[in-house]
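# Secondary and tertiary structure notes
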Amino acid sequence: MRNECCEFLLHQVAFYNDEIRPCCSFTIDKRKLFYNNFSGDIQGIKDYLKAREKYIKSFKENGTAPCLNGCTIFEKTLDTDTSFKINNLIISHRTYCSCNCIYCEPSTGDTKKRKEIINKKKHYQIKPILKYLYEENIIEENCRFLICGGECSEYPREELGWLIYFAMITNCNMLILSSGINYSKEIETALEYKKTVLKISVDSGTKKTFEKIKRVKKYNEVWKNIKKYIQISQKSNSVDTYVELKYIIIPGINDTMEEVDAFIKKCRKVKCKYVRIDVEHFWVEENKNNIEKQKTVKKIINYFFDKLYADKEIKIDIEGVYKDWLWAFVQDKYTNHQMG
Ligand code: SF4
Ligand code: SF4
């Protein structure tokens, strides 16, 4: 019998500064599943893979994955009996970041905790770990290779260059998250590759809102860097290489039509072709049963879709529409999606 499961649990591995996990879900965090206090040793990965297998086995016979319960980000799938391969690798083993977003995971609700983590926590060497996974032949062809936290343009240049090289030679699809504050030659190299998406969250259209959310005075620099990255990506001449600008809706801060209009205007100016909308995850978690509060957020999501769904130049990335209560109404309204 095949049980309902989560794609991340089955095929994703995420390396955080002190943990290995299948995902970034807060549900997982709360339950302290899998491998904590990871310090980069190979034995740690072996232990994690064993713990993962044991966890999956425990519900395989009769039931669904316990962590699915209450999770807001799962990707539903059926469990399989095929041998384990990673199709999603998350590299987030460092915490350096000069940005100061109000929604940064460790900061939300606890600024003190964030200060203890960002820029201070120890990191470990990621290269031996990736070499190990490669030699064990558990990285799937076309695996998504996500380079994210803290801020990858602040990784040592040699390491970021190596990670990009590793993704290329293992034929991975690269996804790079950056604040856009610093221009990176290594990211530029990645954008010359045929399978790279660079995602930058600007979450605003005006300088005032940008500074309120990012808490750094780098609005002009960020848009200048975005423009340069977009120009490079377009030279790659590949549909799989592009820069995506993200707008995380933070209720009460950037959920106005004026801000959305200003953001879209900036996107057109830099010739951005892909936009992704999201809603701040802690807000989603806290308000999943609050119909009234959801209404305001749905209004702004709807506004975004009305503006961009039929746009000839900017495509709206609808990832998340199928699985999330917050997006289901958009799915009803727009039946033909632009992006798969
Ligand atoms: S169900 Fe949620 S907590 Fe469990 S692996 Fe999937 S995303 Fe993570
Ligand atoms: S750019 Fe990312 S890591 Fe840096 S503060 Fe913002 S959310 Fe946190």
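Procedures and definitions
Residues numbered from 1 in each chain as written. Chains lettered and ligands numbered in written order. Predicted model: local features only at pLDDT ≥ 70, side-chain atom pairs only at ≥ 80, totals over all residues. Pairing = 2+ DSSP bridges. Helix = DSSP H or I, 4+ residues; strand = E, 2+ residues; numbered from the N terminus. Buried ≥ 20, exposed ≤ 12 C-beta atoms within 10 Å, placed from the backbone. Right-handed = clockwise from strand over helix to strand, strands pointing away. Near = placed C-beta within 6 Å. Nonpolar A, V, L, I, M, F, W, Y, C, P; charged D, E, K, R; others polar. Arc of directions from axis to C-beta. Contact = placed C-beta atoms within 7 Å. Core = buried A, V, L, I, M, F, W, Y, C linked by C-beta atoms within 7 Å. pLDDT = per-residue confidence, 0-100.

### Some details on the sheet that holds strand β2 (residues 12-16)
Taken together, 10 strands build an open sheet; the order of strands is β4-β3-β2-β6-β7-β8-β9-β10-β11-β12 and the sheet is mixed. For this open sheet the edge positions go to β4 (35-36) and β12 (315-317), each flanked by a neighbour on one side alone. Pairing between strand β8 (residues 173-178) and strand β9 (residues 196-201): five bridges, direction parallel. Along β9, the bridge assignment pairs leucine 177 with lysine 199.

### Notes on the environment of leucine 130
Within the element layout of this structure, leucine 130 appears in helix α5 (residues 127-135). Distance from leucine 130 to leucine 163, taken between C-alpha atoms, is 9.0 Å for residues 33 residues apart in sequence.

### Regarding the pairing of β8
Counted residue by residue, β8 has five buried out of six residues, so it is predominantly covered. Inspection of the sheet shows strand β7 (residues 139-147) paired to β8 by four bridges, in the parallel sense. Among the inter-strand pairings, leucine 146 is bridged to a residue of β8, identified as leucine 175. A crossover links β7 with its parallel partner β8, the connecting element being helix α6 (residues 157-169), and its sense is right-handed. Taking the sense of rotation as the criterion, the β-α-β connection linking β8, helix α7 (residues 185-191) and β9 turns out right-handed.

### Observations concerning the site of ligand 2
Around ligand 2, a shell composed of Cys97, Cys99, Asn100, Cys101, Cys104, Gly149, Gly150, Glu151 and Ser179 is seen. A per-class count over the shell around ligand 2 returns four nonpolar, four polar and one charged.

### Observations regarding helix α8 (residues 207-214)
Among the residues of α8, Thr209, Phe210, Ile213 and Lys214 are the ones counted as buried. The buried residues of α8 occupy an angular sector of 115° when the element is viewed end-on, so they sit on one face. Those residues of α8 that are buried are in contact with α9 (219-235) and α10 (257-269). The positive-phi residue at the C-terminal boundary of α8 is arginine 215, with phi of around 55°.

### Thoughts on the nonpolar core
Counting 79 residues, the largest nonpolar core has Phe145, Ile176 and Val243 as the members making the most contacts within it. Residue contributions to this core peak at six residues, all from strand β10 (residues 242-249).

### Some points on the site of ligand 1
For ligand 1, the set of nearby residues contains 14 residues, the closest of which are Cys6, Cys23, Ser25, Cys67 and Cys71. Looking at the shell around ligand 1, the elements with two or more residues in it are α1 (7-11) and α2 (26-31).

### Details of the environment of asparagine 87
Relative to the helices and strands, asparagine 87 resides in strand β6 (residues 86-92). A tally of 18 C-beta atoms within 10 Å means that asparagine 87 is categorised as partly exposed. Separated by 56 residues in sequence, asparagine 87 and cysteine 143 have C-alpha atoms that sit 4.2 Å apart. Setting aside its immediate chain neighbours within four residues, asparagine 87 contacts His11, Glu140, Cys143 and Arg144.

### Quick word on the confidence of the model for the chain
On average, residues of the chain score 87 in pLDDT, and 88% of them are at 70 or above. Confidence, expressed as mean pLDDT per element, reaches its minimum in the chain at α2 with 64 and its maximum at α10 with 98. pLDDT under 50 marks residues 336-340. Its contacts with residues more than four places away, or in other chains, come to six contacts.

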